[in-house]
Amino acid sequence: MLQKLKKIDGPVIFILVLLMAISIITVYSAGRGPTNLAEHGNDYQKMIGYYILGFVAILGLAIVDFRIFIKKALYVYGGGIFLLILGFFGGTVNNSQGFLKIGGLNLQPAEVFKLVLIIFLAYMLIKKRKSKLYFIQDVLPVALVSFVPFAMVMAQNDLGNALGYIVIVIGMLWIGNVKASHALIGFIVFAVAVGGGIKAYISFHDEIDSFMKGIGRSHWVERLDPWLVPEEATAKASYHTKNAKLAIASGGMMGKGFLQGTSVQSGRVPYTYADSIFVVVAEEFGFVGSSMLLLLYFILIHRMILISLECRDRAGPYIIVGIVSMLLYQIFENIGAFLGIMPLTGITLPFISYGGTSLLINMASIGLVMSIKVHGQELEDDLPQPSRVSLTKAKKA
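My aim in this report is to walk through the structure given alongside it, one point at a time. (Residues numbered from 1 in each chain as written. Predicted model: local features only at pLDDT ≥ 70, side-chain atom pairs only at ≥ 80, totals over all residues. Heavy atoms only, no water.)

## Overview of the overall build of the protein
- Helix and strand counts for the protein stand at 18 helices and three strands.
- Relative to a compact globule of 397 residues, whose C-alpha radius of gyration would be 21 Å, the protein shows 22 Å and is just as compact.
- With respect to the principal axes defined by its C-alpha atoms, the protein has extents near 65 × 55 × 40 Å.
- A buried classification covers 50% of the 397 residues belonging to the protein.
- Contacts in the protein between residues far apart in sequence, at least 24 positions, make up 76% of those at least 6 positions apart.
- Total accessible area computed for the protein in this model is approximately 18,300 Å², and 69% of it derives from carbon and sulfur atoms.
- Taking the average location of the 33 positive side-chain charges in the protein and that of its 24 negative ones, the two points are 10 Å from each other. (Helix = DSSP H or I, 4+ residues; strand = E, 2+ residues; numbered from the N terminus. Rg over C-alpha atoms; globule rule 2.2 N^0.38 Å. Buried < 20%, exposed > 50% of the residue type's maximum accessible area, 1.4 Å probe, protein only. Contact = heavy atoms within 4.5 Å. Areas by Shrake-Rupley, 256 points an atom, 1.4 Å probe, with all protein chains shown as cover. Lys, Arg positive; Asp, Glu negative; His and termini not counted. Charge placed at Lys NZ, Arg CZ, Asp CG, Glu CD.)

As structure tokens, this is what we get:
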């Protein structure tokens, strides 16, 4: 066991310790405001507990051979779908359904399924070795098994996590050696769909607004309006992002200082302890503090990519690319929403925002990466082997 733990990547653990310190400091600051003090004043203490559990999870997963999860991928996927089904009977937090109360933790199955999806897609893709992915035999099955959880999470009104599934699929198909022609066609279809969707939203805004109200999704319009049609956005819809931008800008180069953020401490920016935690960093620690946080993210992702390049196992790189895609999406979406370049979806900032499920899933993801670091130098000899059809096509290619 000790020999395995010695192989854990030290820089990654050090970065996580720094991110833990930033999280505790910013969550503490966010909880000092008058609107948050009563309910969220002790959230920083809970984050300490979640981080302790997270580091235990990393050490535990590092010892376990990650290929066990690949071998049991069908059961992992089935268990994830079962959790999503249970989510329909769970509670609602900030308009999103699907929270299961387990002790003092609000478990969000949609968060858990991101890691489930990564494991199952790795299981599907390793059968191809390095041959090209074909649309009907390979890409379409991946799309189908991903669409099921996507539709379920969208039905639970969780747009942020549902979009995360798409990013994970795209990242893993890319590393899975999708054909260049298919990638180009997919990019064109995606660009046309997004561009057409934005054009339709702007042109038929009133009709879409009425439709969304009719199906109980009016808050989606409130999140999209400040991004796409700010002149049409109501004061309520633009309140969050407008005040967030002002707070970020007021931080300047060095920030206003710890506990000195006027917008944060006055409560003008909602959810500073969770989704809006970056605003706390930017206002109180300025451009320098925000840049240091982004630098830590960059180093963390860089270290994970290096681990994937060193891995001799077929499944390891797929899992790491899936995790990197997941984290990059969350970072870009969360920060971009408060800079006005992305819509506000309510997704958390990895390792920083308050939230037990989000943090533990991210820490478990790092635990899988550490397991790949520890066990990935061993040649796989008992993973599911590629099909004969795949090998034949690979030889022809």
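## As for the side chain of aspartate 313
- Mapped onto the secondary structure, aspartate 313 falls in the loop between helix H15 (277-310) and helix H16 (315-339).
- For aspartate 313, a relative accessible area of 3% corresponds to the buried category.
- Within the local environment of aspartate 313, its side chain forms a polar contact with the side chain of arginine 67, the two groups lying 3.3 Å apart.
- One polar contact links the side chain of aspartate 313 to the main-chain amide nitrogen of alanine 315, over a distance of 2.7 Å. (Polar contact = N/O pair within 3.5 Å; in protein donor to acceptor, adjacent residues only side chain to side chain.)

## Focus on the pattern of salt bridges
- Tallying each qualifying case throughout the model produces eight salt bridges.
- Note that arginine 303 and aspartate 9 form a salt bridge whose closest N and O atoms lie 2.6 Å from each other. With arginine 303 in helix H15 and aspartate 9 in the loop between helix H1 (2-5) and helix H2 (10-30), this pair connects stretches of sequence that are 294 residues apart.
- Here aspartate 209 and lysine 213 are joined by a salt bridge, their closest N and O atoms 3.8 Å apart. Here lysine 213 and aspartate 209 lie together in helix H11 (residues 205-214), a separation of four residues that amounts to about one turn.
- Overall, lysine 213 belongs to the exposed group, its relative accessible area being 55%.
- Among the charged side chains, a network of salt bridges with common partners joins Asp65, Arg67 and Asp313. (Salt bridge = Lys/Arg side-chain N within 4 Å of Asp/Glu carboxyl O.)

## Some points on the packing of aromatic side chains
- Scanning the model with the defined rule gives eleven aromatic pairs in all.
- Each ring, one from tyrosine 28 and one from tyrosine 44, has its centre 4.9 Å from the other, and the planes form 85°; the classification is edge-to-face. Here the residue tyrosine 28 occupies a position in helix H2, and tyrosine 44 occupies one in helix H4 (residues 43-63), the gap between them amounting to 16 residues.
- Pairing tyrosine 50 with tyrosine 354 gives two aromatic rings, centres 6.3 Å apart and planes at 40°, and the pair type is tilted. (Phe/Tyr/Trp six-rings, centres within 6.5 Å; stacked < 30°, edge-to-face > 60°.)

## What to know about the packing of H2 against H15
- At a minimum axis separation of 10 Å, H2 and H15 run at an interaxial angle of 160°. Here H2 lies roughly antiparallel to H15, going by the angle between them. Our pair here, H2 against H15, has a crossing hand that is left-handed. Between H2 and H15, the contacting residues are Pro11, Val12, Ile15, Leu18, Leu19, Ile22, Ile25, Thr26, Val27, Ser29 and Ala30 on the first element and Ile277, Val280, Val281, Glu284, Phe285, Leu293, Leu296, Ile299, Leu300 and Arg303 on the second.
- Across the contact of H2 with H15, the residue classes break down as 17 nonpolar, two polar and two charged. (Axes fitted to C-alpha atoms, helices over the stretch in contact; angles between N-to-C directions. Parallel < 35°, antiparallel > 145°, perpendicular 65-115°, else oblique. Left-handed = near helix turned anticlockwise from the far one by under 90°. Nonpolar A, V, L, I, M, F, W, Y, C, P; charged D, E, K, R; others polar.)

## Some thoughts on the environment of aspartate 65
- Secondary-structure assignment places aspartate 65 in the loop between H4 and helix H5 (67-71).
- Taking C-alpha positions, aspartate 65 is 9.9 Å from methionine 370, a pair spaced 305 residues apart along the chain.
- A distance of 2.9 Å separates the side chain of aspartate 65 from the side chain of arginine 67, its partner in a polar contact.

## Details of the packing of H15 against helix H17 (residues 356-375)
- With their axes 9 Å apart at the nearest point, H15 and H17 run at an angle of 35° to one another. In this structure, the crossing between H15 and H17 has a hand that is left-handed. Where H15 abuts H17, its residues Leu300, Met304, Ile307 and Glu310 lie against Ile366, Val369, Met370, Ile372 and Lys373.
- Grouping the amino acids of the contact of H15 with H17 by side-chain chemistry returns seven nonpolar, no polar and two charged.

## Re helix H6 (residues 73-87)
- In a regular helix each residue adds 1.5 Å, so 15 residues correspond to 21 Å; H6 covers 21 Å between its end C-alpha atoms and thus fits that length.
- Within the span of H6, buried status applies to Ala73, Tyr77, Gly80, Ile81, Leu84 and Gly87. Summarising the axial view, the buried residues of H6 lie within an arc of 105°, below the 170-degree limit, and thus occupy one face. H6 presents Leu74 and Tyr75 as exposed residues on the side facing more than 90 degrees away from its buried surface.
- Residues of H6 that are buried make contact with H5, strand E2 (96-102), helix H7 (109-125) and helix H8 (135-155). (Expected span 1.5 Å × (residues − 1). Arc of directions from axis to C-beta.)

## Describing the sheet that holds strand E1 (residues 91-93)
- Pairing within the open sheet is antiparallel, and its three strands lie in the order E1-E2-E3. The outermost strands of the open sheet, each flanked by one partner alone, are E1 and strand E3 (105-107). With direction set aside, neighbouring strand axes in the sheet form an average angle of 55°. (Pairing = 2+ DSSP bridges.)

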